[in-house]
Amino acid sequence: MLVVDNVTKRFATADGGVTALENLSLEVSKGRFVAVIGPSGCGKSTLFNIIGGLVEGYEGRVLIDGQPVDGVHRDVGMVFQEESTFPWLTTLENVAFPLDVAGVPKAERLERARALLRLVGLEGFESRYPAELSGGMRQRTAIARTLAFQPKLLLMDEPFGALDEQTRLLLGDQVLRIHRELQQTTLLITHSITEAVQLADEVVVMTYRPGCLKRLVRVDLPRPRDSAIVSSPEFGRLVAEVWSDLRAEASRGMQDIESHRKEEIS
Amino acid sequence: MAASQIRLLTLVAILAAWELVARSGLLYQEVVPSLLKIAAAFVRMLFEKDTWRHFGVTAWEVGAGLAAGYLLGLAFGLAAGTRRFFGAAVAPYVDGVATAPKIVFLPIVMLLVGTGIGSKLALGALSAFFPVAINTAASVRQVDPVLVRVGRSFRLSRWQMATRIYVPALRPSLVTSLRLGFGLAVVGVLLAEIKLSNAGLGFLANEHYSNFRVADLYAVLVLIFVVAVGLNSLMSRFAERRNQRICS
Ligand SMILES: Nc1ncnc2c1ncn2[C@@H]1O[C@H](COP(=O)(O)OP(=O)(O)O)[C@@H](O)[C@H]1O
Ligand SMILES: [Mg+2]
């Protein structure tokens, strides 16, 4: 379904340039749920934007169903890290937006949007505006909106990054349910180990800048899962395994950021 | 005290001061006529058919000029705000011309479209264009970039991007633009009418002035003032109502 082949991306900056990704390869086969985890600044969002076709000028190839990505691919749906619901539309109108743009007749698009809102657990909030909802509800609205686009590959960039741990675990249940119902091929970018292990079939650990694939951890926890799995010994073992790989990268990231601070101060 | 009460008090104070000056004889009676005279002239004017003919001409010039200037300014502002190269290329010239009073273009406009209603309309459009274009371009740069990326991820066309993302994201600024454009279109049209015309409220005011009918002149000014303030508050009321609907 998705093949990322030897991708390298450099950004030109005032002090020479940053290599955000270096020789990164990864594969997501149909129906799978893959999580990419890495410390802040390791190039996760860059990868997300490259696969989504929003960033150009990189080396290597990105293939979707064997086709090289050139601009935004019809079969890719993106859920952004930032707050991205349209504040001028109601929840229902937000979700119906991609259908509206595609010219789907009103009755049909509203019906489909309603079904999707039900799927993400927002039944009864159809006529609310984003400002009236909590952050978690807004992100679920954004997920439902992207699902309405009917992507074959769902990309999510830290969709729950700004939320607290409990909310995130419970939203994870919703994501699992969506995945179960739609069998949607999903690439989730996250910095949360529990989230990655709770949701994914495979966890890809990225190195700190330049980002490349450090290790692939298979999560063979049985499905269907829910957030109760967090307390199982198997879950604990997997979290520890991911952390042992991630730890070195996270501390490199932290040192890097701290040394920049020092330079700025001195 | 509520803002509306303060405003009312200010108005009463100004009128009282006016009347005091008028009666004291400090200034020529003819230049500062008493309120009673102005009110009488105003009422008389309201019942004259000619007044409404002139009013209609000016309203048409302002309305059509504003509509043209607003739409062109909007399109231009969107283009300048979203296309960095275009924006950088034209911004200094637009900013430069924007500061010039548009009445200086009247001779050129008259050479192009004649001295009739078209020239007033064009001057209204020209006056409205610049504030709308500049305000729109500036607000486009304030639009949350993630909303633009959402639009791109849904593969919106350029036109859909403008109408489905930028225009709604810019709604408060669109109303501000309309108010700015309206104010300047009124000024542009009236100035052009005063300069050279045979119809419109500007022409009427100029006629009164030339024949030294000062009270009638003030009556025309009061009419313009009342209509302009009324329309302006209507527009801001509309903006507030729509904002509430979104944010409540
Ligand atoms: N447009 C850009 N221009 C310059 N540098 C960038 C740009 N986008 C990202 N970077 C740099 O690339 C690195 C990776 O960023 P990003 O992909 O956002 O990381 P993450 O999402 O993992 O936190 C960071 O050091 C960031 O400063
Ligand atoms: Mg990121």
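It is worth spelling out the environment of Phe 130 of chain B at this point. Residues and elements named next belong to chain B. Looking at the secondary structure, you find Phe 130 in helix α6 (residues 117-140). For Phe 130, a relative accessible area of 9% puts it in the buried group. Spatially, the C-alpha atoms of Phe 130 and Trp 159 are 22 Å apart, while their sequence positions differ by 29 residues. If sequence neighbours within four positions are ignored, Phe 130 has contacts with Val 94, Val 97, Ala 98 and Lys 102.

For a metal bound by four donors in tetrahedral geometry, the ideal donor-metal-donor angle is 109.5 degrees, whereas six donors in octahedral geometry ideally sit at 90 or 180 degrees. Residues and elements named next belong to chain A. Looking at the metal site, the magnesium ion (ligand 2) is ligated by Ser 45 (OG) and Gln 81 (OE1), spaced 2.0 to 2.6 Å from it. Taken together, the residues span a long stretch of sequence, with Ser 45 in helix α1 (residues 44-52) and Gln 81 in the loop between β6 (76-79) and α2 (91-101) at a distance of 36 residues. What makes Ser 45 partly exposed here is its relative accessible area of 24%.

This part takes up the interface of chain A and chain B. Each partner contributes to the interface: chain A provides 26 residues, whereas chain B provides 19 residues. Where chain A abuts chain B, roughly 2,100 Å² becomes buried across the two surfaces, and 64% of that area is made up of carbon and sulfur atoms. For the pair chain A and chain B, the number of links is two salt bridges. Note that Arg 164 of chain B and Asp 100 of chain A form a salt bridge whose closest N and O atoms lie 2.7 Å from each other. The interface formed by chain A and chain B holds four residue pairs in polar contact (both at pLDDT 80 or more) in total. In terms of residues, the side of chain A that touches chain B owes the most to one element, α2 of chain A, which gives four residues.

Here we take up the pairing of strand β7 (residues 153-157) of chain A. Residue and element names in this part refer to chain A. Burial analysis of β7 places five of its five residues in the buried class, the great majority of the element. Across the two faces of β7 the burial is the same, with Leu 153, Leu 155 and Asp 157 and Leu 154 and Met 156 all buried. As paired elements, β6 and β7 share four bridges and run parallel to each other. Residue pairing for β7: Gly 77 is matched across the bridge by Leu 154. The sheet contact formed by β7 and strand β8 (residues 185-190) spans five bridges and is parallel. Residue pairing in the sheet places Leu 154 in a bridge with Thr 186 of β8.

Turning our attention to the confidence of the model for chain A. Mean pLDDT for chain A: 90, with 100% of residues reaching 70 or above. At the level of individual helices and strands, chain A shows its lowest average pLDDT in helix α7 (residues 233-265) of chain A, which scores 84, and its highest in α2 of chain A, which scores 97.

What follows is about the sheet that holds strand β1 (residues 2-11) of chain A. Strand order across the open sheet formed by four strands is β2-β1-β4-β5 (chain A), with antiparallel pairing between neighbours. Strands with a single pairing partner mark the edges of an open sheet, and in this sheet they are β2 (18-28) and β5 (67-68) of chain A.

So, about the nonpolar core. Residues and elements named next belong to chain A. One finds Leu 2, Leu 26 and Leu 187 to be the most contacted residues of the largest nonpolar core, which totals 55 residues. There are two domains that each give this core at least three residues, and those are domain 1 (2-75 + 153-265) and domain 2 (85-150). Setting aside chain neighbours within four positions, we find Leu 26 in contact with Leu 2, Val 3, Val 4, Val 34, Leu 47, Leu 187, Val 204 and Leu 213.

In this section: the site of ligand 1. Residue and element names in this part refer to chain A. Contacts to ligand 1 come from Phe 11, Thr 13, Ala 20, Ser 40, Gly 41, Cys 42, Gly 43, Lys 44, Ser 45, Thr 46 and Arg 209. Between Gly 43 and ligand 1, the recorded distance is 3.2 Å, taken from a backbone N or O atom to an oxygen atom. The separation between an oxygen atom of ligand 1 and a polar main-chain atom of Lys 44 is 2.8 Å. Protein chains shield 64% of the accessible area of ligand 1, which is 560 Å² for the free molecule. With three residues, the top contributor of residues to the shell around ligand 1 is α1. Split by residue class, the shell around ligand 1 holds three nonpolar, six polar and two charged.

Calculation notes
Residues numbered from 1 in each chain as written. Chains lettered and ligands numbered in written order. Predicted model: local features only at pLDDT ≥ 70, side-chain atom pairs only at ≥ 80, totals over all residues. Heavy atoms only, no water. Helix = DSSP H or I, 4+ residues; strand = E, 2+ residues; numbered from the N terminus. Buried < 20%, exposed > 50% of the residue type's maximum accessible area, 1.4 Å probe, protein only. Contact = heavy atoms within 4.5 Å. Donors = N, O, S within 2.8 Å, 3.2 Å for Na, K, Ca; no water. Buried area = accessible area lost by both parts, 1.4 Å probe. Salt bridge = Lys/Arg side-chain N within 4 Å of Asp/Glu carboxyl O. Polar contact = N/O pair within 3.5 Å; in protein donor to acceptor, adjacent residues only side chain to side chain. Pairing = 2+ DSSP bridges. pLDDT = per-residue confidence, 0-100. Core = buried A, V, L, I, M, F, W, Y, C linked by side-chain atoms within 4.5 Å. Domains from an automatic or database assignment. Near = heavy atom within 4 Å. Areas by Shrake-Rupley, 256 points an atom, 1.4 Å probe, with all protein chains shown as cover. Nonpolar A, V, L, I, M, F, W, Y, C, P; charged D, E, K, R; others polar.

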